[in-house]
Each structure stands twice: as C-alpha cells, then as structure tokens.
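Here are the chains, one letter per residue:
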Amino acid sequence: MSTALLERISASLVEGDPDGTVAGVRDALAAGLEPMAIIDGALVAGMRTVGDKYASGEYFLPNLIVSASGMKQAMALLEPELKARRQEVKSAGTVVIGTVRGDIHEIGKSLVATMLAANGFDVHDLGVDVPVDTFVARVKETGANLVGLSALLTTTMHGQKDVIEALAKAGLREQVKVMVGGAPVSRAWADGIGADGWAQDAVSAVDLAARLVGRA
Ligand code: B1M
C-alpha cells in the first residue's frame, strides 16, 4: 500500500498535477508514512524524472514550473512534520544557507535547510539568488559557524568560490566551515574551491554539517 501511495505521489508530480501531489502527501501522512520516506521515495525521485524529461526534450520550462510548484506545496505540508520530529538537543550550530547569486533553484536548498533545522541547527535561510556580500554580512551578524552554498547550474557554481573568497577577505574564513552542494557540484569541485565539505543530498548534508561543527 505504501509503495502504491509513493508511486501515486511521484506520478502526480511528473504529470504536473500539484493538487494530486498534495492530496497524495496528505494520504501518505494519514497512512503513517514518515515524512522522509515520502520525500526520498516519491518527491525527489519524481523531480529527478521531470529533470530527465526536460533534458531529453520531452518536457519544457512550463513543465518544470508546475512540478516545482507541486513539490513546494508538498514540502509546505511536510516541513512541520519534520520539525515536530526534531530531537530536543542543544543547538548543534548556527548555519547561514542560500542558493548563490544568479540561481533561483530553491527546492534542494530548502530541503537541506529544513533537515538541518530538524536536527537541531539554528538555520538562517537567505533564500535564492543571494549576493556574495549578503552571505558575508549575515555570517558577521549571526556569528554562524557554518555556511551552506547551493548551486544547481554549471553557470552559477562559481558563485560558491566567490563566497569562500569573500569570507576569507572579510577575515571570517577561520570562524566558519563551508559546505557546498547542488546537482552539478562534486567533491572534486568542492576540494578545488577550498570548501570544507560537499554533500550529495539532504540527509548526508546533515551528517556532514554535524562533522564540520564537531558534533559527530
Ligand atoms: Co532548472 N535546471 N533551470 N529549474 N531545474 C536544472 C538544474 C537542470 C539540470 C535541468 C536539465 O537540464 N536537466 C538544468 C541545469 C543544467 C546545468 O547547468 N547543468 C536547469 C536549467 C538549464 C534551468 C534554466 C536555465 C532553464 C531556462 O531558463 N532555460 C533556468 C535557470 C534559472 C536560474 O536559476 N537562473 C531554470 C529554472 C528552473 C525553474 C525555476 C523552472 C525550476 C526551479 C523552481 C524552484 O526551485 N522554485 C527548475 C527545476 C525544478 C529544475 C529541476 C528539474 C529540478 C531541481 C529540483 O528542484 N530538484 C532540475 C533538474 C535536476 O536537478 N535533475 C533543473 C529536486 C531537489 C530536491 O534536488 O535541487 O538537486 P536538488 O537538491 C538536492 C541535492 O542537489 C542536494 O540536496 C538536495 C536534496 O537531496 N543539495 C545540497 C542541493 N543543495 C545543496 C546544498 C548543500 C548540500 C546538498 O549544502 C549547502
């Protein structure tokens, strides 16, 4: 039954039926499925299929927009559930996170931010298309010990390097660890730009964040 529910949610996302996605998520929660099982088993998989269809020319930009809207509405339902499962731990660290300048991809970054918050981090989510200087200013303001930089485009990945350089220039590089992620970002890229770590998905981002701030 749970497999059928997950398949239904994924199919509605791929077919561009946000109402169906929301209804499916409600049904899955009512059936007792864990939020992460719904995210991993249906939503992320569905978005990957949408991306593949766009890459192969079967789908166009409007398809991406409608599916992304379904994903966002689904996440709005799931975020409180994830937070409700948050273990009461002493704050694991303060994170400033955002999608770099020129890049408006929001879903993966928000998922990482939600998972960090659900795992005890104090999260300052700056949103998307975030200028380099804004990252630097918010690190200063919050005293963050971790910065998360998301980039989904090969043309915007360089923004991650720009932020790392700006943090160094502002004398903040010793204070903060930097983790990077996003579909085109690899461990080799992270090493090359002097990031402290790279995570492939939201779950490994939480493990990495805990390691970087010395909590794991
Ligand atoms: Co765009 N887009 N898009 N898009 N889009 C991609 C990224 C693309 C791969 C599609 C494709 O061609 N197959 C392609 C990039 C090609 C490239 O550069 N290599 C692409 C393109 C080309 C574009 C435009 C240029 C299209 C155009 O206008 N012609 C344009 C650019 C706009 C801009 O940013 N300036 C564009 C626009 C859009 C929409 C606005 C329509 C929409 C985003 C809506 C929104 O976010 N509100 C959109 C979408 C939805 C996608 C795809 C289909 C899905 C992205 C997504 O949300 N995935 C995407 C295809 C794909 O990625 N396969 C695509 C689900 C999400 C959960 O996964 O974001 O990968 P993801 O996040 C993961 C991991 O990457 C990781 O953890 C997350 C959770 O597991 N992660 C981190 C992410 N950030 C992290 C940070 C970390 C750690 C891990 O630490 C800090």
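Residues numbered from 1 in each chain as written. Predicted model: local features only at pLDDT ≥ 70, side-chain atom pairs only at ≥ 80, totals over all residues. Heavy atoms only, no water.

## Considering the overall build of the protein chain
Thinking step 1. Counting secondary structure elements, the protein chain contains nine helices and five strands.
Thinking step 2. Secondary structure of the protein chain in N-to-C order comes out as α-α-α-α-β-α-β-α-β-α-β-α-β-α.
Thinking step 3. In terms of C-alpha radius of gyration, the protein chain reaches 17 Å, essentially the compact-globule figure of 17 Å for 216 residues.
Thinking step 4. The C-alpha extent of the protein chain, read off along each of the three principal axes, is 55 × 45 × 25 Å.
Thinking step 5. Buried residues in the protein chain amount to 45% of all 216 residues.
Thinking step 6. As presented, the protein chain carries roughly 10400 Å² of accessible surface, and 52% of it is formed by carbon and sulfur atoms. (Helix = DSSP H or I, 4+ residues; strand = E, 2+ residues; numbered from the N terminus. Rg over C-alpha atoms; globule rule 2.2 N^0.38 Å. Buried < 20%, exposed > 50% of the residue type's maximum accessible area, 1.4 Å probe, protein only. Areas by Shrake-Rupley, 256 points an atom, 1.4 Å probe, with all protein chains shown as cover.)

## Remarks on the domain arrangement of the protein chain
Thinking step 1. Annotation of the protein chain at the domain level lists domain 1 (2-84) and domain 2 (93-212).
Thinking step 2. Between domain 1 and domain 2, the C-alpha centre-to-centre distance is 25 Å.
Thinking step 3. Residue-level contacts link eleven residues of domain 1 with eight residues of domain 2.
Thinking step 4. Across the domain 1/domain 2 interface, buried area totals approximately 790 Å², and carbon plus sulfur atoms make up 84% of it.
Thinking step 5. When residues of domain 1 are sorted by the area they lose upon contact with domain 2, M36, K72 and L82 head the list and together hold 42% of the total.
Thinking step 6. Counting across the interface, domain 1 meets domain 2 through one salt bridge.
Thinking step 7. Between K72 and E106 there is a salt bridge whose closest N-O contact spans 3.0 Å.
Thinking step 8. In this assembly, domain 1 and domain 2 are joined by two residue pairs in polar contact (both at pLDDT 80 or more).
Thinking step 9. Those elements that provide at least two residues to the side of domain 1 that touches domain 2 are α3 (35-55) and α4 (61-84). (Domains from an automatic or database assignment. Contact = heavy atoms within 4.5 Å. Buried area = accessible area lost by both parts, 1.4 Å probe. Salt bridge = Lys/Arg side-chain N within 4 Å of Asp/Glu carboxyl O. Polar contact = N/O pair within 3.5 Å; in protein donor to acceptor, adjacent residues only side chain to side chain.)

## With respect to the nonpolar core
Thinking step 1. I38, L43, L116, F121 and M179 are the most contacted members of the largest nonpolar core, which totals 37 residues.
Thinking step 2. Counting residues per element, the ones that place at least two in this core are α1 (2-14), α2 (18-30), α3, α4, β1 (93-99), α5 (107-118) and α9 (202-212).
Thinking step 3. Of all the elements, α5 adds the most residues to this core, at seven residues.
Thinking step 4. In this structure, this core is formed jointly by two domains, domain 1 (2-84) and domain 2 (93-212), each of which donates at least three residues.
Thinking step 5. The contact partners of M179, leaving out residues within four places of it in the chain, are V112, L116, V147, G148, L149, G197, A205, L208, A209 and L212.
Thinking step 6. With 27 residues, the next largest nonpolar core counts V96, L149, M157 and V178 among its residues. (Core = buried A, V, L, I, M, F, W, Y, C linked by side-chain atoms within 4.5 Å.)

## Side note on the site of the ligand
Thinking step 1. Close to the ligand lie 32 residues; G102, I104, H105, E106 and S150 are nearest.
Thinking step 2. Note that a nitrogen atom of the ligand is positioned 3.5 Å from one of the side-chain N or O atoms of Y54.
Thinking step 3. Take A183: an N or O atom from its main chain is 3.4 Å from an oxygen atom of the ligand.
Thinking step 4. Under a 2 Å grid-point criterion requiring more than half of the atoms, the pocket assigned to the ligand is the largest pocket.
Thinking step 5. Of all elements in the fold, only α3, α4, α5, β3 (146-150) and β4 (177-181) reach the threshold of two or more residues within the shell around the ligand.
Thinking step 6. Residue composition of the shell around the ligand, by class: 19 nonpolar, ten polar and three charged.
Thinking step 7. Split by domain, the shell around the ligand shows at least three residues from each of two domains, domain 1 (2-84) and domain 2 (93-212). (Near = heavy atom within 4 Å. 1 Å grid on protein atoms, 1.4 Å probe; cavity = no way out; pocket = protein on both sides within 12 Å on 5 of 7 lines; lining within 4 Å. Sits in = over half its atoms within 2 Å of the grid points. Nonpolar A, V, L, I, M, F, W, Y, C, P; charged D, E, K, R; others polar.)

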